[in-house]
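Here's the letter readout for the chains.
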Amino acid sequence: MKQAEPFSNDELPLVEAARRAAQNAYCPYSHFPVGAAVETDMGIFVGCNIENASYGLSCCAERVALFSAIAQGARRFLRLAVSCPQTVPGAPFESRVPCGACLQVIAQFLPMEAPLLIDGVGRKFLKDLLPYPFSLK
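Residues numbered from 1 in each chain as written. Predicted model: local features only at pLDDT ≥ 70, side-chain atom pairs only at ≥ 80, totals over all residues. Heavy atoms only, no water.

Visitor: What is the right way to read the environment of Phe-67 from this model?
Guide: As for its position among the elements, Phe-67 is in helix H2 (residues 61-71). Of the residues examined, Phe-67 reaches a relative accessible area of 41% and is grouped as partly exposed. Placed 38 residues apart in sequence, Phe-67 and Val-105 show a C-alpha to C-alpha distance of 9.6 Å. (Helix = DSSP H or I, 4+ residues; strand = E, 2+ residues; numbered from the N terminus. Buried < 20%, exposed > 50% of the residue type's maximum accessible area, 1.4 Å probe, protein only.)

Below, the structure is given as C-alpha cells:
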C-alpha cells in the first residue's frame, strides 16, 4: 500500500475526533474498533462501532455518527472521517474504507463530492467509493 496522504490542518481535528471515538468502540467479537466523526452545520458528531451477539444487529461507527447528528437536529453534512486504529500497517486500502451499507447511508446525507477522510489512507471522495448509490430522487 502506498504512503497515506497527509491531512490538512483543517481536516486533522475531524480525523482526531474519529480516532478518539474509536476508543469507545464496543467490539467484543471482532476486536476491531472503528471511530467516525461527521462535520455538520451544528458541529462535529462522533460514533463508534457497536457490536451485538446477533451480528446483524451491530452498527458501524459511520452510521452511529450520522444517526447521532440527525437525532440532534443536524441536516447539513460537510465531510466525514473514519479511523480503524488497530488496522495493521500496510493493510490494504479496502480494510480501512467504510462498508457498502455505510457508503449508502453516507450517500443519503452527504453530497457525492463530499470528502471522506480515511485514517491511514487520506482524502477520498464519496463519488469515487460509491459511484452509483441507490436513490429515489
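From this point, the narrative continues.
Visitor: In this structure, what is going on with a nonpolar patch on the surface? I would like to understand it.
Guide: On the surface, a cluster of nonpolar side chains totalling about 460 Å² of accessible area is made up of Tyr-26, Tyr-29, Ile-50 and Tyr-55. The residue Ile-50 is located in the loop between strand S2 (43-48) and H2 in this model. (Patch = residues over 30% accessible without salt bridge, like charges linked within 9 Å, V, L, I, M, F, W, Y side chains within 5 Å. Areas by Shrake-Rupley, 256 points an atom, 1.4 Å probe, with all protein chains shown as cover. Salt bridge = Lys/Arg side-chain N within 4 Å of Asp/Glu carboxyl O.)

Visitor: Can you help me understand the pattern of salt bridges in this one?
Guide: Note that side chains of opposite charge can pair when their charged atoms are close. Across all of its chains, the model carries 4 salt bridges by this definition. For Arg-123, the salt bridge goes to Glu-11, with nearest N and O atoms at 2.6 Å. Of this pair, Arg-123 sits in strand S5 (residues 122-125) while Glu-11 sits in the segment before helix H1 (12-22), placing them 112 residues apart in sequence. For Glu-11, a relative accessible area of 5% gives the class buried. One salt bridge in this structure joins Glu-39 and Arg-79, with 2.5 Å as the shortest N-O distance. In this pair, Glu-39 is assigned in strand S1 (residues 35-40) and Arg-79 in strand S3 (residues 77-83), connecting sequence segments 40 residues apart. Glu-39 gets classed as partly exposed once you look at its relative accessible area, which sits at 21%.

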